[in-house]
Amino acid sequence: MDIKGSVALVTGANRGIGLAFARALHAHGAAKVYAGVREPETFRDPGLVPLRLDVTDEEQVAAAARAAGDVSILINNAGVASGPSLLEGPFDGARREMEVNFFGTWAVSRAYTPVLAANGGGALVNMLSVASWVANRRFPSYAASKSAQWSLTNAFRLALREQGTLVVGVHAGYVDTDLTADVDSPKILAADVAEQTMTALLNDEPEVLVDEPTRHVRAALSGGLEALYANR
Ligand SMILES: NC(=O)c1ccc[n+]([C@@H]2O[C@H](COP(=O)([O-])OP(=O)(O)OC[C@H]3O[C@@H](n4cnc5c(N)ncnc54)[C@H](OP(=O)(O)O)[C@@H]3O)[C@@H](O)[C@H]2O)c1
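Rules used in this analysis
- Residues numbered from 1 in each chain as written.
- Predicted model: local features only at pLDDT ≥ 70, side-chain atom pairs only at ≥ 80, totals over all residues.
- Near = placed C-beta within 6 Å.
- Helix = DSSP H or I, 4+ residues; strand = E, 2+ residues; numbered from the N terminus.
- Pairing = 2+ DSSP bridges.
- Axes fitted to C-alpha atoms, helices over the stretch in contact; angles between N-to-C directions.
- Contact = placed C-beta atoms within 7 Å.
- Core = buried A, V, L, I, M, F, W, Y, C linked by C-beta atoms within 7 Å.
- Buried ≥ 20, exposed ≤ 12 C-beta atoms within 10 Å, placed from the backbone.
- Expected span 1.5 Å × (residues − 1).
- Arc of directions from axis to C-beta.
- Parallel < 35°, antiparallel > 145°, perpendicular 65-115°, else oblique.
- Left-handed = near helix turned anticlockwise from the far one by under 90°.
- Nonpolar A, V, L, I, M, F, W, Y, C, P; charged D, E, K, R; others polar.

*Asks:* Would you mind showing me how to read the site of the ligand here?
*Replies:* Taken together, 27 residues lie around the ligand, and Gly-12, Gly-16, Ala-78, Gly-79 and Thr-177 are the ones closest in. Elements that contribute at least two residues to the shell around the ligand include exactly α1 (16-27) and α3 (92-118). Sorting elements by how many residues they give to the shell around the ligand places α1 first, with three residues.

Below, the structure is given as structure tokens:
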């Protein structure tokens, strides 16, 4: 599909991977890029149009779909990693992960389904993770929320086929953002995630495997559990 001349919306676009997505869309010639942010008053970035959007607020989601009805590329990027450890701690953070990562993605996708249809089909991109496919003992509920979001992505791919919407799942291991500030492992750059996603959009590809750990896990899925969980 074309990015040049399109109108795009990225959720959670004020920092991290979301900001990289928004800037990449602008750099690839999108005519307008809405930056979905929780505090539009404090957001300024050349070429991006701030749009108030807390993905867990149903009224804001509906208002955003009305205000930005010209969108043909939607990127669900907003996400949190706030859950407790596996064996102790309150569940509040885990519930928050499901609210933002899963229900937030669902709410925005649902609200924008008719908008994408009205604008020729377009694309719906969900920012997923290698954790969609492999459990993580440090972030068990985050991984579960990403598995749920992956399943949702596939359901939307089936449901939106008739209206011609390209549905893309983007999977990555560790990316260098605030979310992984406490993680001491190799990380790729947010701009790299964004650029590979632009390439997938241009080539109508439904899945982006951003880094080597992700490609390894994807391949290991068809093997046994031993291969999948080796070295973890
Ligand atoms: N970093 C990684 O290693 C990695 C790897 C794979 C996938 N991901 C996924 O990539 C996405 C972006 O992550 P990131 O690393 O860029 O994280 P980040 O730097 O922590 O940024 C998270 C973004 O999500 C926004 N957000 C959080 N809750 C929101 C809500 N209720 N409504 C709207 N926006 C909300 C934040 O807005 P505020 O500034 O207002 O809080 C911020 O813009 C997430 O879905 C994450 O799961 C990250």
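That covers the picture; the talk isn't over yet.
*Asks:* Explain the sheet that holds strand β3 (residues 48-52) to me, please; I cannot follow it from the model alone.
*Replies:* Reading across the sheet, the seven strands line up as β3-β2-β1-β4-β5-β6-β7 and stay open at both edges, with parallel pairing between neighbours. Where the open sheet ends on each side, the last strands, each with one partner, are β3 and β7 (207-209). This sheet shows a mean twist of 20 degrees between the axes of neighbouring strands, independent of strand direction. Two elements, strand β6 (residues 166-171) and β7, share three bridges in a ladder whose sense is parallel. Within β7, the position partnered with His-171 by the bridge is Leu-209. Helix-sheet contacts for helix α5 (residues 190-202) involve β5 (123-127), β6 and β7, and the interaxial angle to β6 is about 155 degrees.

*Asks:* Just checking my understanding: could you explain the nonpolar core for this structure?
*Replies:* The tendency in soluble globular proteins is for nonpolar side chains to be buried as a group. Residues Ala-8, Phe-21 and Val-71 are the most contacted members of the largest nonpolar core, which totals 69 residues. The contacts of Val-71, once residues within four sequence positions are left out, are Val-7, Ala-8, Leu-9, Tyr-34, Tyr-112, Val-115 and Asn-119.

*Asks:* How should I be thinking about α5 in this particular structure?
*Replies:* An α-helical segment advances 3.6 residues per turn. Residues three or four places apart therefore align on the same side. Between its first and last C-alpha atoms α5 spans 19 Å; for 13 residues at 1.5 Å apiece the expected length is 18 Å, and the two agree. All buried positions along α5 are accounted for by Ala-190, Val-193, Ala-194, Thr-197, Ala-200 and Leu-201. The buried residues of α5 occupy one face: seen down the axis, they fall within an arc of 120 degrees. Those residues of α5 that are buried are in contact with α1, β5, β6 and β7. One or two steps after α5, the chain reaches Asp-204, where phi turns positive at roughly 55 degrees.

*Asks:* Would you mind showing me how to read unusual backbone geometry here?
*Replies:* Excluding glycine, residues mostly carry a negative phi; peptide bonds, for their part, are mostly trans. With phi around 55 degrees, Asp-204 is a residue other than glycine that occupies positive phi space. The residue Asp-204 is located in the loop between α5 and β7 in this model. For Asp-204, a count of 10 C-beta atoms within 10 Å corresponds to the exposed category.

*Asks:* What exactly am I supposed to notice about the packing of α1 against α5 here?
*Replies:* Following both chains from N to C, one finds α1 and α5 inclined at 45 degrees, their axes separated by 8 Å at the closest point. Between α1 and α5, the crossing angle belongs to the class labelled oblique. Classified by chirality, the crossing of α5 by α1 is right-handed. Together, Gly-16, Ile-17, Ala-20, Phe-21 and Ala-24 of α1 and Ala-190, Ala-191, Val-193, Ala-194, Glu-195, Thr-197 and Met-198 of α5 make up the contact between the two elements. Residue classes in the contact of α1 with α5 are distributed as nine nonpolar, two polar and one charged.

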